[in-house]
Amino acid sequence: MNRRDFVRFGWATVIATGTDMRQPAFAAPQHPMAPEPRATPRATPRASARAGDFTLRIAPMIVELAPQVVVSTIGYSNKVPGPLLRMREGQRVAVEVVNDTDVPEYVHWHGLFVPSDVDGAEEEGTPPVPPHGRRRYQFVARPAGSRWYHSHTAAMMDLHRGTYTGQFGFLMIDSANDPGLYDQEVFLALREWEPYLTTMDQDEGAMDPSDPMPEKPAQPDKRPNGLEVGAPLYSINDKMLGAGEPLRVQPGQRVLMHLLNASPSQIHRVALYGHSFQVIALDGNPVPRPQLVDVIEIAPGERVDAIVEMNHPGTWILGELRNVARQSGMGIVVEYANQQQRARWLPPPKWRWDYTIFGTPPAFGATAAHAPPDETIDMVFEKVPGGPDGINHWLVNGKEYPHEREFVLREGRRYRLVFHNRSDDSHPLHMHRHLFELVELNGKPTAGIRKDTVIVPAFGRAAVDLVADHPGLTLFHCHIQQHMDFGFMALFRYA
Ligand SMILES: [Cu+2]
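Residues numbered from 1 in each chain as written. Predicted model: local features only at pLDDT ≥ 70, side-chain atom pairs only at ≥ 80, totals over all residues. Heavy atoms only, no water.

> Hey, could you run me through the packing of aromatic side chains in this one?
Any aromatic ring pair is given by two values, namely how distant the centres are and how the planes are angled relative to each other. Applying the stated criterion to the full structure yields 15 aromatic pairs. Their ring planes at 50° and their centres at 5.1 Å tell us that Y273 and W316 sit as a pair that is tilted. Here W316 lies in strand 20 (residues 315-320) and Y273 lies in the loop between strand 15 (268-272) and strand 16 (277-282), a separation of 43 residues in the sequence. With centroids separated by 5.5 Å and ring planes inclined at 50°, the aromatic side chains of W353 and F358 adopt a geometry described as tilted. Here the two residues W353 and F358 agree in accessibility, since each one is buried. By way of ring pairs, the aromatic residues F381, W394, F407, F419, F476, F488 and F492 are connected into one cluster. Cation over ring: R135 sits above Y137, and NZ or CZ is 4.8 Å from the ring centre. Its guanidinium or amino end placed over the ring of W193, R191 lies 4.5 Å from that ring's centre, counting from NZ or CZ. (Phe/Tyr/Trp six-rings, centres within 6.5 Å; stacked < 30°, edge-to-face > 60°. Helix = DSSP H or I, 4+ residues; strand = E, 2+ residues; numbered from the N terminus. Buried < 20%, exposed > 50% of the residue type's maximum accessible area, 1.4 Å probe, protein only. Lys NZ or Arg CZ within 6 Å of the ring centre and 35° of its normal.)

This is how it looks when you write it as structure tokens:
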């Protein structure tokens, strides 16, 4: 058993047996710079001081995930998640980014309509924040909704760069017409820590054999799979399950949860026993039909806003469905007033995540809602198992990034992008600087669901409509860091 497994199973034992979670039964190696344990761990990141003017300092830091479980990483302003950047729609914003590391960095504003040279992607021509230097990002905050910011550097074989680090944070753009129909608002970022390369499939359970799999090839690929990125430690925000303050609620309260998957690698599914999530927005954009679900599935890069009505008093675990992830930290205790007791977990009833239930139903004209596009662009994604360095490489229309002239948009035209996933992994596909509307998923039509990141299931197919209304270089990629680093990107340009 290596150190990582020891850490994982040691802590898991503590949680599984329900002994006092603040007293782990083992001593994990402590970082020499470990600070005094903080008296009051934060469940929610704090808003920055002056509206419209923010500072982020990129620097090495340590995160105390649990007593004596301390990881060393790079973060924003010594917080994980970084400071909550909260702004009004249409507001002019300046973010001064100071880089106290030895490498160039990029801060990407995920889900915002910002120019290419501000977007925070090297491929689009954004200048870096130089090592031991600074750079001021200025933009107008739009569109309203749950956005986020994160590092956009390539990591390649270095699992201490890019989204493997603690460089991520919530960015909220408040709309003038938020009805505010909730009593509490919480920010919950799902994360893994201490990544390592492994031959184990990290996304088992993602493939549902009952899925239609329209892109499944007749002959399976027999080549051995390459190394993937695993992780021994999980958290919500900066705390492992049981190590932070519980989410304290009152019976009858409506709690608005802003869920973010800030993970570099894994799709997560979460549930809260005895409660349903009323999903009101996907990737920060209100859905046409809010629906109650027992389980939320959320991929790297995605956000889900959901209201939970607190109508089942007790002390419960809001956590990842997979035992290994939850017992290794991915969860938070939800505690009703005067209900201090051991937190309980019970798996949810049979579930199935389906974006289309939140869209306009076909009976009301989902198909009719979509006039034929001006142009259709087919994108075929394939895996080259176990390529150089034993890592899977990824092809977009037959080749790895870069794609110089393949994808050209004309301003004002509407494009239908058809994503053909010819691989046995699910991929969260992200388009920078634009929103798209989901038109079809595995043959099922829908309308009104606007996203910037969409999971295309293993051997699945999705179609999205995109209006080319934000001229400038636009990066498209899988939001799984390793896939993106090893070919799964494409650059769109405007004619
Ligand atoms: Cu991918």
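And the narrative resumes.
> Can you help me understand the sheet that holds strand 18 (residues 296-298) in this one?
Whether parallel or antiparallel, the strands of a sheet pair through hydrogen bonds between backbone atoms. Read across the sheet, five strands follow the order 13-21-20-15-18 without closing on themselves; strand pairing throughout is mixed. Each edge of the sheet is formed by a strand with only one pairing partner; in this case those strands are strand 13 (247-249) and strand 18. Strand-to-strand twist of the sheet, defined as the mean angle between neighbouring strand axes without regard to direction, takes the value 20°. Inspection of the sheet shows strand 13 paired to strand 21 (residues 331-336) by three bridges, in the parallel sense. (Pairing = 2+ DSSP bridges. Axes fitted to C-alpha atoms, helices over the stretch in contact; angles between N-to-C directions.)

> Sorry, what's going on with the sheet that holds strand 25 (residues 414-421) here?
Here we have six strands laid out as an open sheet, ordered 23-22-25-30-27-28, and mixed in their pairing. This sheet does not close on itself; its edge strands, each paired only once, are strand 23 (393-396) and strand 28 (444-451). Going from strand to strand, the sheet's axes swing by 20° on average, the running direction of each strand aside. Pairing of strand 27 (residues 436-441) with strand 30 (residues 461-467) involves four bridges; the strand directions are antiparallel. Across the sheet, the residue bridging to L441 is A462, located in strand 30.

> Sorry, what's going on with the coordination of the copper ion here?
Under perfect tetrahedral coordination by four donors, a metal shows angles of 109.5 degrees; under perfect octahedral coordination by six donors, it shows angles of 90 or 180 degrees. On the protein side, the copper ion has H427 (ND1), C478 (SG) and H483 (ND1) as donor atoms, found 2.0 to 2.1 Å from it. Positions of the donor residues of the copper ion, expressed as sequence spacing, correspond to H-x50-C-x4-H. Of this pair, H427 sits in strand 26 (residues 427-431) while C478 is found in strand 31 (residues 474-478), placing the two residues 51 residues apart along the sequence. The same class applies to H427 and to C478, which are both buried. (Donors = N, O, S within 2.8 Å, 3.2 Å for Na, K, Ca; no water.)

> What's the story with unusual backbone geometry in this structure? I'm lost.
Only a minority of non-glycine residues have a phi that is not negative, and only a minority of peptide bonds are not trans. Cis geometry is adopted by the peptide bond preceding P143, which originates at R142 and carries an omega value of 0°. The omega angle of the peptide bond from Y401 to P402 is 10°, so this bond is cis rather than trans. Among the secondary structure elements, P402 is positioned in the loop between strand 23 and strand 24 (408-409). The phi dihedral of H132 falls on the positive side, at around 55°, and the residue is not glycine. With respect to the helices, strands and loops of the structure, H132 is situated in the loop between strand 5 (107-110) and strand 6 (134-140). Residue F459 is not a glycine yet carries a positive backbone phi of 55°. On the secondary structure map, F459 appears in the loop between strand 29 (453-456) and strand 30. F459 sits in the buried class, given a relative accessible area of 11%.

These figures capture arrangement, not role.
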